[in-house]
Amino acid sequence: IGSLDISANKNVRQIVRVCSEFDKRNLLLESIRDIMGAGPTKTLVFTATKRTADEITRILRESSYNALVIHGDKSQGERDWVL
């Protein structure tokens with residue numbers, strides 16, 4: 001941030017989609033299906049709250065995706081293990 005000498009990693013793909021609250025769950029699952037369809041990969045999903053992070057993890061697991069969560073309510077050991 002603030003430097004012209006720093007650039008993003010070319011191997012990182014960012015996807016930003018603007019949608020209504022109602023469409024978020026289906027759009028997330030659709031996006032994950034598309035991403036995983038290209039082959040094994042790691043994906044980060046950022047949320048505004050710890051509760052939402054836990055909910056998304058639950059939704060992804062119920063949809064048969066291997067999902068783990070990191071947030072401030074987890075111990076450092078748990079966060080290290082997830083990474």
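In short, a report on the structure. (Residues numbered from 1 in each chain as written. Predicted model: local features only at pLDDT ≥ 70, side-chain atom pairs only at ≥ 80, totals over all residues. Heavy atoms only, no water.)

What about the pattern of salt bridges?
Next, step 1: Here the structure, examined in full by the defined rule, presents three salt bridges.
Next, step 2: In this structure, K24 engages E21 in a salt bridge whose closest nitrogen and oxygen atoms are separated by 3.2 Å.
Next, step 3: By relative accessible area, K24 is classed as partly exposed at 43%.
Next, step 4: Under the relative-accessibility criterion, E21 is labelled exposed at 63%.
Next, step 5: Its salt-bridge partner being R58, residue E62 comes within 3.1 Å of it at the nearest N-O pair. One end of the pair is E62 and the other is R58, both in helix 2 (residues 50–62) and four residues apart, which spans about a single turn. (Salt bridge = Lys/Arg side-chain N within 4 Å of Asp/Glu carboxyl O. Buried < 20%, exposed > 50% of the residue type's maximum accessible area, 1.4 Å probe, protein only. Helix = DSSP H or I, 4+ residues; strand = E, 2+ residues; numbered from the N terminus.)

Quick word on helix 1 (residues 24–37)
Next, step 1: With 14 residues, helix 1 should cover 20 Å at 1.5 Å per step; its first-to-last C-alpha distance of 20 Å lies within 8% of that length.
Next, step 2: Every buried residue belonging to helix 1 is among L28, L29, S31, I32 and I35, and all of these are buried. The arc that holds the buried residues of helix 1, viewed along the axis, is 160 degrees, so those residues lie on one side. In this structure, helix 1 carries N26 and G37 as exposed residues pointing more than 90 degrees from its buried face.
Next, step 3: Looking at the packing, one finds that the buried side of helix 1 touches helix 2.
Next, step 4: Following helix 1 by one or two positions, G39 has its phi on the positive side, about 125 degrees. (Expected span 1.5 Å × (residues − 1). Arc of directions from axis to C-beta. Contact = heavy atoms within 4.5 Å.)

A closer look at the packing of helix 1 against helix 2
Next, step 1: Put simply, helix 1 and helix 2 touch, their axes get as near as 11 Å, and they point 55 degrees apart. With respect to helix 2, the element helix 1 is oriented oblique. The crossing of helix 1 and helix 2 is right-handed. Together, R25, L28, L29 and I32 of helix 1 and I56, I59, L60 and E62 of helix 2 make up the contact between the two elements. (Axes fitted to C-alpha atoms, helices over the stretch in contact; angles between N-to-C directions. Parallel < 35°, antiparallel > 145°, perpendicular 65-115°, else oblique. Left-handed = near helix turned anticlockwise from the far one by under 90°.)

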